[in-house]
Amino acid sequence: MLASLVGFLGDFDLAEEAAQEAFAIAAERWRRKGTPENPGAWLITTARNRAIDRIRRERTLADKTRLLDVHTFSEDEMQDEGIEDERLELIFTCCHPALAMEAQVALTLRALGGLSTEEIARAFLVSEETMKRRLSRAKAKIKATGIPFAIPADHLLPDRVDAVLAVVYLIYNEGYGGRIDLAAEAIRLGRMLVALLPDEPEVHALLALMLTHHARHRARFAGEDLVLLADQDRSLWDARQLGEGRESLQRAIALHGRGPYALQAAIASLQTEQEVNWPQVVELYARLAEQTRSPVVELNRAVALAEAGDTELALALVDGLQLDDYRYLHSTRAELLRRLGRDDDARAAYRKAIALTVSEPERRMLTRRLGEL
Amino acid sequence: MKYAALVYNKPGSFEALSDGERQTVSGEYMAVRQDPRCVDGAQLEPVTTATTVRVQDGRTLTTDGPFADTKEVFGGYFIFDAGNLDEAIELASHVPSTWMGGSVEVRPVVESQPA
């Protein structure tokens, strides 16, 4: 509903106010006269009419005069036709790279996720006041700078789709940390994107990646303690979600998806097999490293190498990485050194990892490992 | 909508080019200026020609050059009349400073209210 109103009015604040007014009117009128045949269309039409009234009253901004030529709709005209699905335009506006990343995330959750400002504030551990300011600054920038409410032109589309996917994945990863159920919200957004952009392989791939990870979330903790993949109780995995993730991955591959999300989804999917094909995981990480040039990906490749049996090579790879402040570098080194029987070096590496860790469950797990040596 | 594209150069980046490259870069600047959506533009003389003016207690103080040494130096501007920010960004991305270690800052111009 909000998407349709922003598209029609070209103004976030006006659209939000109009929507609220329409809901208020509905609450009152539907109680007296009963619910109309098409409640969604009724709400949008009412909101549009309210907004047009308001603009007519105010008659301030010259750029809104085009709206004065629009006729208001009568109740007979309240059918679904003519009310376009403009959620995609709204997503591209919210995830415009001219906005700060944190603003893109907040706007997307507010406008498309339907989360309240207070809920978003809570999820990102900031005060409601701060979040309110962040949202209104972003909305003001959209208006003042002429960020378009449109699907980007073909030659801009790949970059802009990437920007949208980055926002959704960031929302997912915030949820992965275990705060409000942002992970479920991100998956919902991922499904919406798949419906709106069915030909984009990376859109399917991101959904696959999120579903495959999320399917395991109940097995990831035992009480307060972290459980590593190899030790997870597979009966706690959500088989339906895993299946859906696999289907999404197949669709991405069928659309020739070979991008970073497709590779990560393929890796995540392989890791849910009964017998993990580690050499293939190594290969996929190598391709991902080529695309992203990320040392963190190289670290993951090292872990897969060790699982595939080549601990020495894995350690050599880890020792060549410039990631000295990264706690997982040291926890990985510690694990590899332990396997190679170099206990003193392993202890030193565990201590370094523990010193860098900010998460309490991780600290407990590392301390336990250190104690086992 | 009108947008100002403020062109910042990396000092010495133009001078480092060969004669042929300089001609190409100048041609690209001209091409941006000649786009029908570009309504104005100017290149400034080098920053060594700058004079900074301040007024304190009614006295005009002038100093040589800008104060701070900056990594990027303001070198000129364009005014675009574009449909939206995406169009303005695309025009700005054709300005050579963007790939010569400098940048272009795009900002909407305040439209004066008709009297």
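Cut-off values and rules
- Residues numbered from 1 in each chain as written.
- Chains lettered and ligands numbered in written order.
- Predicted model: local features only at pLDDT ≥ 70, side-chain atom pairs only at ≥ 80, totals over all residues.
- Helix = DSSP H or I, 4+ residues; strand = E, 2+ residues; numbered from the N terminus.
- Buried ≥ 20, exposed ≤ 12 C-beta atoms within 10 Å, placed from the backbone.
- Contact = placed C-beta atoms within 7 Å.
- Pairing = 2+ DSSP bridges.
- Axes fitted to C-alpha atoms, helices over the stretch in contact; angles between N-to-C directions.
- Parallel < 35°, antiparallel > 145°, perpendicular 65-115°, else oblique.
- Left-handed = near helix turned anticlockwise from the far one by under 90°.
- Nonpolar A, V, L, I, M, F, W, Y, C, P; charged D, E, K, R; others polar.
- Core = buried A, V, L, I, M, F, W, Y, C linked by C-beta atoms within 7 Å.

Caption draft 1: Expanded view of the overall build of chain B. Helix and strand counts for chain B stand at two helices and six strands. Listed by position from the N terminus, the elements making up chain B come as β-α-β-β-β-β-α-β. Based on the C-alpha atoms only, the size of chain B along its principal axes is roughly 50 × 45 × 20 Å. For chain B, buried positions account for 20% of its 115 residues. The long-range fraction of contacts in chain B, counting pairs at least 24 apart against all pairs at least 6 apart in sequence, stands at 73%.

Caption draft 2: Fine view of the sheet that holds strand 1 (residues 2–9) of chain B. Residues and elements named next belong to chain B. Across the sheet, four strands lie side by side as 2-5-1-6; this open sheet has antiparallel pairing. Looking at the sheet topology across the chains shown, the edges are occupied by strand 2 (38–43) and strand 6 (103–108). Neighbour to neighbour, the strand axes of the sheet diverge by 20 degrees on average, direction disregarded. As paired elements, strand 1 and strand 5 (residues 73–81) share eight bridges and run antiparallel to each other. The residue of strand 5 that forms the bridge with Ala5 is Phe78.

Caption draft 3: Unusual backbone geometry, seen in detail. Residue and element names in this part refer to chain A. Positive phi values are uncommon outside glycine, yet Leu125 reaches one of about 55 degrees. You can see Leu125 is positioned in the loop between helix 6 (117–123) and helix 7 (128–145). We classify Leu125 as exposed; it has 9 C-beta atoms within 10 Å.

Caption draft 4: Main features of the environment of Trp278 of chain A. Residue and element names in this part refer to chain A. Along the chain, Trp278 turns up in helix 13 (residues 278–292). Take Trp278: there are 18 C-beta atoms within 10 Å of it, and that puts it in the partly exposed class. For Trp278 and Ala304, which are 26 residues apart along the polypeptide, the C-alpha to C-alpha distance reads 5.9 Å.

Caption draft 5: Up close: the packing of helix 12 (residues 260–270) of chain A against helix 13 of chain A. All names here are of chain A. Between helix 12 and helix 13, the least distance of the axes is 10 Å, while the angle of their chain directions is 160 degrees. Overall, the two elements helix 12 and helix 13 adopt an arrangement that is roughly antiparallel. Relative to helix 13, the crossing made by helix 12 is left-handed. Here Pro260, Leu263, Gln264, Ala266, Ile267 and Leu270 of helix 12 come into contact with helix 13, specifically with Gln280, Val281, Leu284, Tyr285, Arg287, Leu288, Gln291 and Thr292. Considered class by class, the residues forming the contact of helix 12 with helix 13 number nine nonpolar, four polar and one charged.

Caption draft 6: Structural context of the environment of Asp81 of chain B. Residue and element names in this part refer to chain B. If you trace the backbone, Asp81 turns up in strand 5. The partly exposed category is assigned to Asp81, around which 15 C-beta atoms lie within 10 Å. Residues Asp81 and Lys2, spaced 79 residues apart in sequence, show a C-alpha to C-alpha distance of 4.5 Å. When near neighbours in sequence (up to four residues on either side) are disregarded, Asp81 contacts Lys2, Arg37 and Val39.

Caption draft 7: Highlighting the nonpolar core. Formed by 112 residues in total, the largest nonpolar core has its most connected members in Leu5, Val168 and Ala265 of chain A. Examining the composition of this core, we find that eight residues originate from one element, helix 10 (residues 201–214) of chain A, more than from any other.

Caption draft 8: Representation of the packing of helix 14 (residues 295–307) of chain A against helix 15 (residues 311–319) of chain A within the structure. Residues and elements named next belong to chain A. Orientation of helix 14 relative to helix 15, taken along the N-to-C sense of each, is 165 degrees, at an axis distance of 8 Å. When the axes of helix 14 and helix 15 are compared, the pair comes out roughly antiparallel. Classified by chirality, the crossing of helix 15 by helix 14 is left-handed. Taking contact as the criterion, the partners of Glu298, Leu299, Arg301, Ala302, Leu305 and Ala306 in helix 14 are, on helix 15, Thr311, Leu313, Ala314, Leu317 and Val318. Classifying every residue of the contact of helix 14 with helix 15 gives eight nonpolar, one polar and two charged.

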